[in-house]
Amino acid sequence: WDLSPSLRVPLSRLTYLSANTSAMYRSTYYSRSLDEDGRLTPVALLRQFITVRSEVIGPVLTKVWDTPESTLTERMKHVIEPTFAVDYTTEFANQSRVPSTNDAADYVVGGNARVTYGVTNRLFYRGRPTEEVKGQTREFVTVGVQQTYYTNPNASLYDTSYVSYSGRPKAVALSPIAITARFSPTVAFDAN
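Residues numbered from 1 in each chain as written. Predicted model: local features only at pLDDT ≥ 70, side-chain atom pairs only at ≥ 80, totals over all residues. Heavy atoms only, no water.

Caption draft 1: Main features of a nonpolar patch on the surface. A grouping of Trp-1, Leu-3, Tyr-25, Tyr-29, Leu-46, Ile-50 and Val-52 is seen on the molecular surface, where their side chains present a nonpolar patch of about 630 Å² in accessible area. Elements with a contribution of two residues or more to the nonpolar patch: strand 3 (18–30) and strand 6 (45–57). If you tally residues by element for the nonpolar patch, the top one is strand 6, at 3 residues. Relative to the helices and strands, Tyr-29 is located in strand 3. Overall, Tyr-29 belongs to the partly exposed group, its relative accessible area being 34%. (Patch = residues over 30% accessible without salt bridge, like charges linked within 9 Å, V, L, I, M, F, W, Y side chains within 5 Å. Areas by Shrake-Rupley, 256 points an atom, 1.4 Å probe, with all protein chains shown as cover. Salt bridge = Lys/Arg side-chain N within 4 Å of Asp/Glu carboxyl O. Helix = DSSP H or I, 4+ residues; strand = E, 2+ residues; numbered from the N terminus. Buried < 20%, exposed > 50% of the residue type's maximum accessible area, 1.4 Å probe, protein only.)

Structure, rendered in structure tokens:
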């Protein structure tokens, strides 16, 4: 079993600056565990740790403009969101005994802080209204760039923001730069 209650507290009510802090307690019970040689044994294991995250988004910059020449859109909006987040996971003693269940939660590195920073650009459009329907607003292009610094480079091996759960071949203190993009001009078409 895996228990993971969390508490989230918003620290800012400003429209252009969002600040949130959350804390999560995680308790995982494994009916089997690994021994010193990495072999699976019938000895049960209980792993417990706390993760705290603080995140700031902003100041958010926004530009809205009308598109009177367009037959499809009434307005366009560009939003720029700088982000900064700090995550800390407490230490726990039995990570080497955790069996692999192919779940990313099995590969948590305790005693580690991560600092992630980046910027996200979003483009929205509001469609022209028709006789029956008001114009719908749609986020049609999103491009984000981010990078993470790890106080314990071993945490980079399992950060699912950059690699799959199978891990990276070499531990690094500074992640590669990640670029994510989404294009969704209509409800019927979406590309990531």
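Caption draft 2: Representation of the pairing of strand 2 (residues 6–10). With 0 of 5 residues buried, strand 2 is to be regarded as a mostly surface element. Examined bridge by bridge, strand 2 and strand 3 share 5 bridges and lie antiparallel to one another. Across the sheet, the residue bridging to Arg-8 is Ser-22, located in strand 3. (Pairing = 2+ DSSP bridges.)

Caption draft 3: Focus on the layout of surface pockets. Approximately 450 Å³ is the volume attributed to the largest pocket. Lining the largest pocket are 20 residues, and of these Thr-89, Tyr-107, Val-108, Arg-114 and Tyr-158 lie nearest its centre. Of all the secondary-structure elements, those providing two or more residues to the lining of the largest pocket are strand 3, strand 6, strand 8 (73–89) and strand 9 (112–127). Each residue belonging to the lining of the largest pocket can be placed in one class, and the counts come to 11 nonpolar, 5 polar and 4 charged. Approximately 270 Å³ is the volume attributed to the second largest pocket. Surrounding the second largest pocket, 15 residues form its lining, Thr-120, Gly-144, Val-145, Gln-146 and Thr-180 being those nearest its centre. Broken down by secondary-structure element, the contributors of at least two residues to the lining of the second largest pocket are strand 8, strand 9, strand 10 (137–150) and strand 11 (178–186). (1 Å grid on protein atoms, 1.4 Å probe; cavity = no way out; pocket = protein on both sides within 12 Å on 5 of 7 lines; lining within 4 Å. Points joined across faces, edges and corners; volume = space filled by probe spheres on them. Nonpolar A, V, L, I, M, F, W, Y, C, P; charged D, E, K, R; others polar.)

Caption draft 4: View of the packing of aromatic side chains. Using the criterion set out here, one finds 4 aromatic pairs in the structure. For the ring pair Phe-183 and Phe-189, a centre distance of 6.1 Å and an interplane angle of 75° mean the geometry is edge-to-face. A relative accessible area of 38% means that Phe-183 is categorised as partly exposed. Of note, Lys-77 hangs over the ring of Phe-124, and the distance from its end group to the ring centre comes to 5.9 Å. (Phe/Tyr/Trp six-rings, centres within 6.5 Å; stacked < 30°, edge-to-face > 60°. Lys NZ or Arg CZ within 6 Å of the ring centre and 35° of its normal.)

Caption draft 5: Seen up close, the pattern of salt bridges. Enumeration over the complete set of coordinates arrives at 12 salt bridges. One salt bridge in this structure joins Glu-81 and Arg-122, with 3.1 Å as the shortest N-O distance. Of this pair, Glu-81 sits in strand 8 while Arg-122 sits in strand 9, placing them 41 residues apart in sequence. Owing to a relative accessible area of 16%, Glu-81 belongs among the buried residues under this scheme. Judged by relative accessible area, Arg-122 falls into the partly exposed class, the value being 22%. With its nearest N and O atoms 3.0 Å apart, the salt bridge here joins Glu-139 to Arg-122. In this pair, Glu-139 sits in strand 10 while Arg-122 sits in strand 9, placing the two residues 17 residues apart along the sequence. Judged by relative accessible area, which is 32%, Glu-139 ranks as partly exposed. Connected via shared salt-bridge partners are Arg-53, Glu-55, Asp-87, Arg-114 and Asp-159.

Caption draft 6: Up close: the nonpolar core. Of all hydrophobic cores here, the largest spans 5 residues; its members are Val-109, Tyr-150, Ala-155, Tyr-162 and Ala-178. Apart from the residues lying within four places of it in its own chain, the contact partners of Ala-178 are Gly-144, Val-145, Gln-146 and Tyr-162. (Core = buried A, V, L, I, M, F, W, Y, C linked by side-chain atoms within 4.5 Å. Contact = heavy atoms within 4.5 Å.)

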